[in-house]
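Single-letter residue listing:
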Amino acid sequence: LRSLAGPPSPPALAPPGWRAPVDCVRANELCAGEPSCSSRYRTLRQCLAGRDRNTMLANKECQAALEVLQESPLYDCRCKRGMRKELQCLQIYWSIHLGLTEGEEFYEASPYEPVTSRLSDIFRLASIFSGMDPAASSKSNHCLDAAKACNLNDNCKRLRSGYISTCSRELSATEPCSRRKCHKALRQFFDRVPGEFTFRLLFCSCKDPACAERRRQTIVPSCSYEDKDKPNCLDLRGACRADHLCRSRLADFHTNCQATFQSLTSCPGDNFQACLGSYAGLIGFDITPNYVDASTTSITISPWCSCKGSGNLEEECEKFLRDFTENPCLRNAIQAFGNGTDVNLAPKNPNPAVTALPKSPALPDDVNDSNTAYDSGVISTCTSLQEQGLKPNKSKEQSLCYSEAQLTTDVMPEQKTFTDPKAGSSSRHRESRILFLVPILIPALGL
């Protein structure tokens, strides 16, 4: 598949003068080796302990410590998501920056190193999977294909099976699952499995409700996402900011997905990878976002919260919620990945940013298209290429391969697979690209 995708794309050029920052664990070690920095850092930690920001800044000794540390490696340090000492790194970062920004900023700067690379290789793979056979593409469930691809990778299959099992385990009649353990297992999956698998599960494109419901069920929402009552969004944000890891992931999401009209894609730096990666980083916390329904005509993302009871903070609450529900950067990034069209592959004069169409009615509550309904080893031997029409090897596993038509009929007998008529022009465009690639792909496939 990597050979089909073509040569890897070079990383995006970093801004002039930019250099990778020192991670905060290393910066702390450097500070500890310098008596002046070390003493000031201890002073600042004492200043922050049990005091609010205004009290701290009123103390001259605390002010002096903060001023000195702003000139040290600690002030410019950053962390890498998934690094071995990530939590320790983030604790060090916020020990400096909480004294500067607490209570002042609606959006906080990300403590993570900026993403300077692109996802062109993965976008090309998504394009190949969705357009290899135009006739089969209209019937294919790309989210099911993504699950099969994950099951063919030992690490992805193991961690995915782990979180599905944990999040689906009922504890009692009143407690359907352990939400805390479910979130931990989800964080491990999205932190330890490469984006070429996790992104395809989260952002697969869908043309029928069965596929869209499978996409919505990716994170087992009955445990990880939904709850009896929706909390107020500002309360949810406040609880997230009280935890260093959740606070960091939320700040990273705002940094990389905050809609801007100064770019073609509405994303900062036209970087889809950074936005999609920071979205995935929010999964596994109480503020976990997800698709609100199985609509195939629009993409609406939201955390499980509402702005009821916000009082005089309702405007601020609505602003926070719209960063998910009405975010053109996030929506364009998801749609681009599903269509296999990274920014690097876009035409010179791209169409304006895609806007959401009116939502179609949600599926009935009794529709069951959960991960466990299809997977758990049943379809692990089927590949996306087999779904495209290639015959599987003669073996006992052959009977375990299901077509999308069978799945749609079994799970949703009243639903029929259909193709969105508005997708015709994009399908024709993909067909022309595939015809262009045929002379190149045939030798590579050995046909």
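All figures in this text were calculated on a predicted structure; none of them were measured in a lab.

> Tell me what's going on with the state of the cysteines, and back it up with residues and numbers.
Simply put, disulfide is the name for a covalent bond between the sulfur atoms of two cysteines. For the coordinates displayed, the defined rule picks out 13 disulfides. In this model Cys31 forms its disulfide with Cys37; the gap between the sulfur atoms is 2.0 Å. In this structure the cystine formed by Cys31 and Cys37 twists about its S-S bond by roughly -105 degrees; its chirality is therefore left-handed. Note on Cys31: relative accessible area 1%, which makes it buried. A relative accessible area of 3% means that Cys37 is categorised as buried. One disulfide bridge connects Cys267 with Cys329, the sulfur atoms lying 2.1 Å from each other.

> I'd like a rundown of the nonpolar core, residues and numbers included.
One finds Leu74, Phe189, Phe203 and Ile287 to be the most contacted residues of the largest nonpolar core, which totals 81 residues. Taken domain by domain, the makeup of this core includes at least three residues from each of domain 1 (24–98) and domain 2 (120–339). Other than its neighbours up to four places away in sequence, Leu74 contacts Cys24, Ala27, Asn28, Cys31, Cys37, Tyr41, Leu69, Ile92 and Ile96. Counting six residues, the second largest nonpolar core, distinct from the first, contains Cys143, Cys204, Cys206 and Ala294.

> For the side chain of Asp270, give the residues involved together with the corresponding values.
With respect to the helices and strands, the residue Asp270 is situated in the loop between helix H17 (244–257) and helix H18 (272–281). By relative accessible area, which is 18% here, Asp270 ends up buried. At a separation of 3.5 Å, a polar atom in the side chain of Asp270 contacts the side chain of Ser263. Separated by 3.3 Å, the side chain of Asp270 and the backbone nitrogen of Leu264 make a polar contact.

> How would you explain a positive patch on the surface if you had to name every residue and give the values?
A cluster of basic side chains, namely Arg158, Arg169, Arg180, Lys181, Lys184 and Arg192, defines a positive patch on the protein surface. Residue contributions to the positive patch peak at four residues, all from helix H12 (residues 179–192). Note that Lys184 resides in helix H12.

> For the packing of helix H11 (residues 154–168) against H12, give the residues involved together with the corresponding values.
Where H11 meets H12, the axes come as close as 8 Å, and the angle between the chain directions of the two elements is 165 degrees. Between H11 and H12, the interaxial angle falls into the category roughly antiparallel. Viewed along their axes, H11 and H12 form a crossing whose handedness is left-handed. For the pair H11 and H12, the contacting residues are Asn155, Cys156, Leu159, Arg160, Tyr163, Thr166 and Cys167 in the first and Lys181, Cys182, Ala185, Leu186, Gln188, Phe189 and Arg192 in the second. Each residue belonging to the contact of H11 with H12 can be placed in one class, and the counts come to eight nonpolar, three polar and three charged.

> Can you lay out H12 for me, pointing to particular residues and giving the numbers?
Here H12 spans 20 Å end to end across 14 residues, near enough to the 20 Å set by a 1.5 Å rise per residue. For H12, the elements touching its buried residues are helix H10 (142–151), H11, helix H13 (195–203), helix H15 (221–224) and H18.

> For the UniProt feature "glycosylation site" (unreviewed entry) in the protein, give the residues involved together with the corresponding values.
Within this numbering scheme, the UniProt entry marks Asn339 and Asn393 as carrying the feature "glycosylation site" (unreviewed entry). Mapped onto the elements, Asn339 comes out in helix H20 (residues 328–339). Judged by relative accessible area, which is 35%, Asn339 ranks as partly exposed.

> Account for the confidence of the model for the protein, naming residues and giving values.
Summarising the model, the protein shows a mean pLDDT of 73, and 63% of its residues fall at 70 or more. In the model, residues 131–136 has pLDDT below 50 throughout and makes eight contacts with residues more than four positions away in sequence or in other chains. When the criterion is pLDDT under 50, residues 345–447 qualifies, and its contacts beyond four places in sequence or with other chains add up to 145 contacts.

> Talk me through the environment of Phe261; I want residue IDs and the actual numbers.
Here Phe261 shows up in the loop between H17 and H18. Along the chain, Phe261 and Cys329 lie 68 residues apart, while their C-alpha atoms are 9.4 Å from each other.

> Let's hear about unusual backbone geometry: which residues, and what values?
Look at Val220: it is not a glycine, yet its phi comes out positive at around 50 degrees. One can find Val220 in the loop between helix H14 (209–216) and H15. What makes Val220 buried here is its relative accessible area of 8%. Phi at Asp270 is positive, roughly 50 degrees, even though this residue is not glycine.

Rules of the game
- Residues numbered from 1 in each chain as written.
- Predicted model: local features only at pLDDT ≥ 70, side-chain atom pairs only at ≥ 80, totals over all residues.
- Heavy atoms only, no water.
- Disulfide = S-S within 2.5 Å.
- Buried < 20%, exposed > 50% of the residue type's maximum accessible area, 1.4 Å probe, protein only.
- Core = buried A, V, L, I, M, F, W, Y, C linked by side-chain atoms within 4.5 Å.
- Domains from an automatic or database assignment.
- Contact = heavy atoms within 4.5 Å.
- Helix = DSSP H or I, 4+ residues; strand = E, 2+ residues; numbered from the N terminus.
- Polar contact = N/O pair within 3.5 Å; in protein donor to acceptor, adjacent residues only side chain to side chain.
- Patch = residues over 30% accessible without salt bridge, like charges linked within 9 Å, V, L, I, M, F, W, Y side chains within 5 Å.
- Areas by Shrake-Rupley, 256 points an atom, 1.4 Å probe, with all protein chains shown as cover.
- Salt bridge = Lys/Arg side-chain N within 4 Å of Asp/Glu carboxyl O.
- Lys, Arg positive; Asp, Glu negative; His and termini not counted.
- Charge placed at Lys NZ, Arg CZ, Asp CG, Glu CD.
- Axes fitted to C-alpha atoms, helices over the stretch in contact; angles between N-to-C directions.
- Parallel < 35°, antiparallel > 145°, perpendicular 65-115°, else oblique.
- Left-handed = near helix turned anticlockwise from the far one by under 90°.
- Nonpolar A, V, L, I, M, F, W, Y, C, P; charged D, E, K, R; others polar.
- Expected span 1.5 Å × (residues − 1).
- UniProt positions renumbered as here; feature names shortened; annotations may be inferred.
- pLDDT = per-residue confidence, 0-100.

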